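Architecture and fold: a report
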Amino acid sequence: MSAGERADVIVIGAGIIGCAVADELGRRGAAVRVLESRAVGGGATQASAGILAPYAEADRPGPLRTLCAESLGLWDDFVARAVADSGRDVLYERTGTLEVVTDEASMRRLERTGRALTAAGVECRLLTAREARAAEPSLGAAVAGALLVPSHGFVGVATLMEALREGGAARHGVSFLTDRPARHVQASSDGEMVVETAAGTLTGDAVVLAAGSWSGGAAGTAGALPVRPVRGQLLQLAWSGRPPARVVWAPSCYVVPWPGGSMLVGATVEEAGFDERATVAGVATLIKAVSGVLPEARNAGFEAVRVGLRPGTPDDLPVVGRSATAPGLVYATGHYRNGVLLAPLTARLVADLVLDGREDPLLAAVSPARFEAA
Ligand code: GLY
């Protein structure tokens with residue numbers, strides 16, 4: 001990158017959010033540069049199990065559920081476009097989720113959730129313990145019942161990231177500048193956004209800050225934004241028994257059936273600052289949790305543990321929208337547990353805002369103003 005290079009939009013961060021936003025902007029004709037200090041998708045994204053489950057993540061109505069459900073509806077097209085643009089296969093399965101519980105009080109809660117979802121028009125089915133084990137024979141005796149939500153699913157995040165990177169670069173002119181962290185961002189007197197990097201400056205009409213956990217003070221732009229890292233550890237196990245046919249969502253873990261007989265088991269939720277180590281305690285917690293609902297897990301081989309830092313916010317909602325203090329700066333961060341699920345919607349909202357000046361009403365709940373004003 002030479003000093004003084006120009007793009008229409010500069011995206012800071014090449015995780016799932018930055019890549020989805022860059023792809024959408026490029027698709028709509030913008031010249032986009034993506035700045036990243038790691039490999040593409042090398043932050044929290046690489047540790048995601050890719051679960052697409054709005055009604056499990058947001059167990060009651062509210063802005064998070066609205067956003068996640070809206071985004072779930074965009075996934076078929078999002079994947080189809082990524083595949084068409086890149087020529088790459090993307091692992092994407094709408095297997096449904098089976099949310100299992102292990103005590104009667106939780107079963108009563110699940111019944112209430114099931115009734116509310118049905119009333120809201122969401123297809124779901126409550127299963128007794130016997131029915132749950134008939135659907136998933138690997139479930140253990142501790143399971144007291146379950147809620148099946150057929151519209152849920154999962155995506156192989158690594159395959160998706162490869163497709164977004166290649167499709168964006170090949171078809172939409174998106175450039176990925178890795179090993180080039182943004183050092184500072186400011187608005188010039190004529191309203192242009194100026195980003196300083198280790199290898200010179202880049203100017204653009206807009207900067208999209210999609211730096212995940214590193215957005216809190218990233219690039220000297222957003223010291224006041226209260227985004228914090230929330231560590232998640234994710235196991236990959238080599239399953240020896242009959243694998244579940246769908247995502248299993250249990251009280252203290254979730255399980256994603258992976259092709260080739262592996263199983264992803266996630267995830268811890270830890271306030272550990274920027275410590276990206278896997279820990280014995282984290283791994284042990286997940287093994288205990290998964291063995292409680294799928295006893296066969298005790299015989300599984302251990303393949304890998306991955307660690308990511310989710311970008312958490314005080315209200316667990318993302319931060320998407322224009323900065324009140326620098327309108328050329330647009331936030332797309334703080335997606336906490338739902339960065340993958342919310343990527344297609346975030347890309348659409350940001351592209352509408354940056355390229356067309358259109359403020360979707362969905363942005364009201366995720367406005368940066370709720371933190372910038374404080
Ligand atoms: N989306 C699940 C997690 O963050 O663990």
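Below or above, wherever it landed, is the structure these notes cover. No experiment lies behind these values; they were computed from the predicted model shown.

**What to know about the environment of T97**
Within the secondary structure layout, T97 lies in strand β6 (residues 97–101). On the basis of relative accessible area, T97 is assigned to the buried category, the value being 2%. Put simply, T97 and V247 are 150 residues apart on the chain and 4.6 Å apart in space, counted from C-alpha to C-alpha. When residues no more than four places from it in sequence are discounted, the contact partners of T97 are A53, L147, L148, V149, H152, R246 and V247. Looking at T97, its side chain comes within polar contact range of the side chain of H152, at 2.7 Å.

**Regarding the pairing of strand β2 (residues 9–12)**
Burial of the side chains of β2 extends over both faces: V9 and V11 are buried on one face and I10 and I12 on the other. Relative to strand β3 (residues 32–36), β2 runs parallel, the two sharing four bridges. In the sheet register, V11 faces β3, and the bridge partner there is V34. The sheet contact formed by β2 and strand β14 (residues 206–209) spans four bridges and is parallel. Bridge pairing in β14 places I12 opposite L209.

**A short note on the environment of D356**
Along the polypeptide, D356 turns up in helix α9 (residues 339–356). The class of D356 is exposed, set by a relative accessible area of 52%. Note: C-alpha distance between D356 and L286 (70 residues apart in sequence) is 45 Å. Once you skip the residues sitting within four places of it in the chain, D356 turns out to touch R28 and A351.

**Here we look at the nonpolar core**
Core analysis: the largest hydrophobic core is formed by 54 residues, its most contacted members being V11, L25, W75, L160 and V208. No other element matches α9, which puts 11 residues into this core.

**A few points about the packing of helix α1 (residues 16–27) against α9**
Interaxial distance between α1 and α9 falls to 8 Å at its minimum, and their mutual angle equals 40°. What the angle tells us is that α1 and α9 run oblique. For the element pair α1 and α9, the recorded crossing hand is right-handed. Contacts between α1 and α9 involve I16, I17, A20, V21, E24 and L25 from the first element and G339, V340, L342, A343, T346, A347, R348, V350, A351, V354 and L355 from the second. Taken together, the residues of the contact of α1 with α9 break down into 13 nonpolar, two polar and two charged.

**Description of the sheet that holds strand β1 (residues 5–6)**
Read from one edge to the other, the open sheet built from four strands follows the order β1-β13-β12-β11, with strand pairing classed as mixed. Strands with a single pairing partner mark the edges of an open sheet, and in this sheet they are β1 and β11 (182–187). Summarising the sheet, β11 and strand β12 (residues 193–197) pair through five bridges and their orientation is antiparallel. Note on β12: the bridge partner recorded for A187 is M193.

**A few points about the sheet that holds strand β5 (residues 92–93)**
The three strands lie next to each other as β4-β9-β5, forming an open sheet whose pairing is antiparallel. In this open sheet, the two strands that pair with only one neighbour each are β4 (51–52) and β5. Relative to strand β9 (residues 153–155), β4 is paired through two bridges, and the arrangement is antiparallel. The partner of L52 across the bridge, within β9, is G153.

**Here's the deal with the site of the ligand**
Close contacts around the ligand come from E57, Y254, A267, R310 and R337, and that covers them all. For the ligand, a nitrogen atom lies 2.6 Å from a polar atom in the backbone of R337. In the complex, 87% of the free accessible area of the ligand, which totals 190 Å², lies under the protein chains. For the shell around the ligand, a count of residues per class yields two nonpolar, no polar and three charged.

**Some thoughts on the packing of helix α3 (residues 63–72) against α9**
Following both chains from N to C, one finds α3 and α9 inclined at 90°, their axes separated by 7 Å at the closest point. Judged by the angle between their axes, α3 and α9 are roughly perpendicular. Residues L67, C68, E70, S71 and L72 of α3 lie in contact with α9, whose contacting residues are L341, L342, A343, P344, L345 and R348. Per-class residue counts for the contact of α3 with α9 are eight nonpolar, one polar and two charged.

Thresholds, definitions, all that
Residues numbered from 1 in each chain as written. Predicted model: local features only at pLDDT ≥ 70, side-chain atom pairs only at ≥ 80, totals over all residues. Heavy atoms only, no water. Helix = DSSP H or I, 4+ residues; strand = E, 2+ residues; numbered from the N terminus. Buried < 20%, exposed > 50% of the residue type's maximum accessible area, 1.4 Å probe, protein only. Contact = heavy atoms within 4.5 Å. Polar contact = N/O pair within 3.5 Å; in protein donor to acceptor, adjacent residues only side chain to side chain. Pairing = 2+ DSSP bridges. Core = buried A, V, L, I, M, F, W, Y, C linked by side-chain atoms within 4.5 Å. Axes fitted to C-alpha atoms, helices over the stretch in contact; angles between N-to-C directions. Parallel < 35°, antiparallel > 145°, perpendicular 65-115°, else oblique. Left-handed = near helix turned anticlockwise from the far one by under 90°. Nonpolar A, V, L, I, M, F, W, Y, C, P; charged D, E, K, R; others polar. Near = heavy atom within 4 Å. Areas by Shrake-Rupley, 256 points an atom, 1.4 Å probe, with all protein chains shown as cover.

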